[in-house]
Amino acid sequence: VRRETVIRSLVIEAKPADVMLYSTEEGMGNLKDLRLVSERKLLRDSELKTLGLSDDQIGAIPRMDDDYWPSVRARSGVYQDYTDHESAQEANTLRECFDSYIKLDMQENGTTELWNVLHGGSVVISKEPVSCVPYATGSPVPLPHRVAGQGMYQLMGQVQEAKTEILRNYVDNLNVMNSSRIACDEATTNIEDLTNGRINGIIRTRGMPANSIMQMPAADVGGVALQGLASLDAVRSQRGGAAVELSEADRQIMSSSATAATGVLQQTERMAGWYTQNMIDTLLCDTYKLIHKKLRLDYAQPLMGKLNGKWVESNPAEWEEREHLELTAGPT
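Residues numbered from 1 in each chain as written. Predicted model: local features only at pLDDT ≥ 70, side-chain atom pairs only at ≥ 80, totals over all residues. Heavy atoms only, no water.

K.L.:
What is the right way to look at the nonpolar core in this model?
P.N.:
Side chains of nonpolar character tend, in soluble globular proteins, to be buried together. By size, the foremost hydrophobic cluster in this structure holds 13 residues, and its most contacted members are Met20, Leu31, Leu34, Val37, Tyr101, Val133 and Tyr135. Beyond its immediate chain neighbours, meaning those up to four positions away, Tyr101 contacts Arg35, Leu36, Val37, Leu114, Trp115, Asn116, Val130, Cys132, Val133, Pro134 and Tyr135. Listed in part, the nine residues of the second largest apolar core include Leu43, Leu53, Ile61 and Cys97. (Core = buried A, V, L, I, M, F, W, Y, C linked by side-chain atoms within 4.5 Å. Buried < 20%, exposed > 50% of the residue type's maximum accessible area, 1.4 Å probe, protein only. Contact = heavy atoms within 4.5 Å.)

Quick look at the structure:
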């Protein structure tokens with residue numbers, strides 16, 4: 001006797017934004033209103049065979065090629081030049097497929113329905129009608145009429161690049177000041193002593209060193225560089241709020257009065273709270289509504305869950321559809 005137990009569960013996965021494709025309707029900022037939402041997927045030949053495709057159909061699906069996906073290659077970092085897409089076994093060859101959610105008029109009656117179509121090139125692997133687009137997006141800085149907003153990098157990227165440039169120049173200047181260039185008279189100076197790099201080493205000369213060796217002048221920009229870094233830190237705090245500069249806020253509060261401390265806390269937390277509220281209103285809100293809808297439509301049976309430390313039974317089929325939610329972000 002063999003007993004089989006089937007366990008169904010909802011899985012939430014984080015997808016990189018650079019593998020997602022959207023249709024470009026004007027004024028559309030919600031995934032459910034778009035004609036097409038697609039995700040790039042890489043499937044092996046063995047996986048495609050289990051889906052019922054023949055060898056000829058599998059051969060017609062394009063192989064993996066990241067040349068047309070510069071963002072994917074950039075995410076590979078230092079390993080992008082060492083990535084080998086060719087497999088030693090044909091069964092492990094990666095094929096470029098797209099899991100698309102598209103509105104189609106399958107009945108040709110002028111009414112569109114939402115379909116999930118998995119295809120690679122011109123080969124349709126599977127298709128079925130679905131109830132919703134199972135993707136949720138969000139960003140700390142939403143953009144009007146756009147699916148994808150801006151992240152913290154778009155706000156901080158220029159500051160970070162400027163700080164990196166200033167820091168590199170500062171380090172180069174320190175090296176110049178510690179080992180500045182020297183002009184010498186080859187006829188009266190031992191070149192080997194001069195170029196061996198020994199700290200406080202002896203340099204043999206024929207005559208007075210003032211006449212044989214002369215240090216080339218170099219400007220010390222250390223103070224200006226430190227002022228520039230401090231100025232960019234202030235810009236970063238203004239753009240990111242307390243989320244990126246808690247230590248600076250703490251130092252200011254320690255040296256201020258109670259009234260001033262309250263004002264500093266409010267100012268530094270305002271931007272961080274705005275970013276957090278935007279993420280809740282977009283990403284978390286849409287994710288919650290998706291989970292609620294999937295449970296209500298696809299898990300129409302009593303479920304057990306823990307509520308306030310006690311197990312409670314609930315039937316998702318009896319739930320009402322939710323479209324409007326009121327969420328409150330915590331003070332932290």
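Still more ground to cover, so stick around.
K.L.:
Got a minute to help me understand the side chain of Arg95 in this structure?
P.N.:
Among the secondary structure elements, Arg95 is positioned in strand β3 (residues 94-104). Of the residues examined, Arg95 reaches a relative accessible area of 5% and is grouped as buried. Side-chain polar atoms of Arg95 contact the backbone oxygen of Ile61, separated by 3.0 Å. The contacts of Arg95, once residues within four sequence positions are left out, are Lys41, Leu42, Leu43, Asp45, Leu48, Ile58, Gly59, Ile61, Pro62, Arg63, Met64 and Glu90. (Helix = DSSP H or I, 4+ residues; strand = E, 2+ residues; numbered from the N terminus. Polar contact = N/O pair within 3.5 Å; in protein donor to acceptor, adjacent residues only side chain to side chain.)

K.L.:
Looking at this structure, I do not really get the sheet that holds strand β4 (residues 113-120). What am I missing?
P.N.:
The pairing of strands in a sheet comes from backbone hydrogen bonds and takes either a parallel or an antiparallel form. Strand order in the open sheet formed by five strands is β1-β2-β3-β4-β5, with antiparallel pairing between adjacent strands. On the outer flanks of this sheet lie β1 (20-22) and β5 (123-129), each paired with one strand and no other. Along the sheet, successive strands turn relative to each other by an average axial angle of 25°, direction set aside. Note that β4 and β5 share six bridges and pair antiparallel. (Pairing = 2+ DSSP bridges. Axes fitted to C-alpha atoms, helices over the stretch in contact; angles between N-to-C directions.)

K.L.:
Looking at this model, I keep getting lost on unusual backbone geometry. Mind explaining?
P.N.:
Most peptide bonds take the trans configuration, and most residues that are not glycine carry a negative phi. The phi torsion at Glu108 lies on the positive side, around 55°, for a residue other than glycine. Examined against the element boundaries, Glu108 turns out to sit in the loop between β3 and β4. On the basis of relative accessibility, which here comes to 71%, the residue Glu108 falls in the exposed class.

K.L.:
Any chance you could explain the packing of aromatic side chains here in plain terms?
P.N.:
Enumeration over the complete set of coordinates arrives at two aromatic pairs. Consider the rings of Tyr101 and Tyr135, whose centres lie 5.8 Å apart with planes at 80°: the pair is edge-to-face. Placement of Tyr101 in strand β3 and of Tyr135 in the loop between β5 and α4 (152-178) is noted, with a sequence separation of 34 residues between them. By relative accessible area, which is 10% here, Tyr101 ends up buried. On the basis of relative accessible area, Tyr135 is assigned to the buried category, the value being 15%. Arranged with centres 5.4 Å apart and planes meeting at 55°, the rings of Trp274 and Tyr275 form a pair that is tilted. Take Tyr275: its relative accessible area is 6%, and that puts it in the buried class. (Phe/Tyr/Trp six-rings, centres within 6.5 Å; stacked < 30°, edge-to-face > 60°.)

K.L.:
Help me understand the pairing of β3 in this model?
P.N.:
Taken residue by residue, a regular strand's side chains alternate between the two faces of the sheet. Where strand β2 (residues 36-44) meets β3, nine bridges bridge the pair, whose relative direction is antiparallel. Paired with Leu36 across the strands is Ile102, a residue of β3. As paired elements, β3 and β4 share seven bridges and run antiparallel to each other. The residue of β4 that forms the bridge with Tyr101 is Asn116.

K.L.:
Explanation requested: the pattern of salt bridges in the structure shown.
P.N.:
A side chain with one charge may pair with a side chain of the opposite charge, provided their charged atoms come close. Evaluation of the coordinates by the stated rule reveals 12 salt bridges. Residue Lys32 is joined to Glu323 by a salt bridge in which the shortest nitrogen-to-oxygen separation is 3.3 Å. Taken together, the positions of Lys32 in the loop between β1 and β2 and Glu323 in the segment after β9 (310-314) put the pair 291 residues apart, joining distant regions of the chain. Where Lys294 meets Asp298, a salt bridge forms, and the shortest distance between an N and an O atom there is 2.8 Å. (Salt bridge = Lys/Arg side-chain N within 4 Å of Asp/Glu carboxyl O.)

K.L.:
Please explain α4 as it appears in this structure.
P.N.:
Residues three or four positions apart in an α-helix share a direction because the helix packs 3.6 residues into each turn. Its 27 residues give α4 an end-to-end C-alpha distance of 38 Å, which sits within 8% of 39 Å, the value for a rise of 1.5 Å per residue. At Gln158, α4 shows its maximal bend, which comes to roughly 30°. Looking only at α4, the buried set comprises Leu155, Met156, Gly157, Val159, Lys163, Tyr170 and Asn173. (Expected span 1.5 Å × (residues − 1). Bend = angle between axes of the 7 residues up to and from the residue.)

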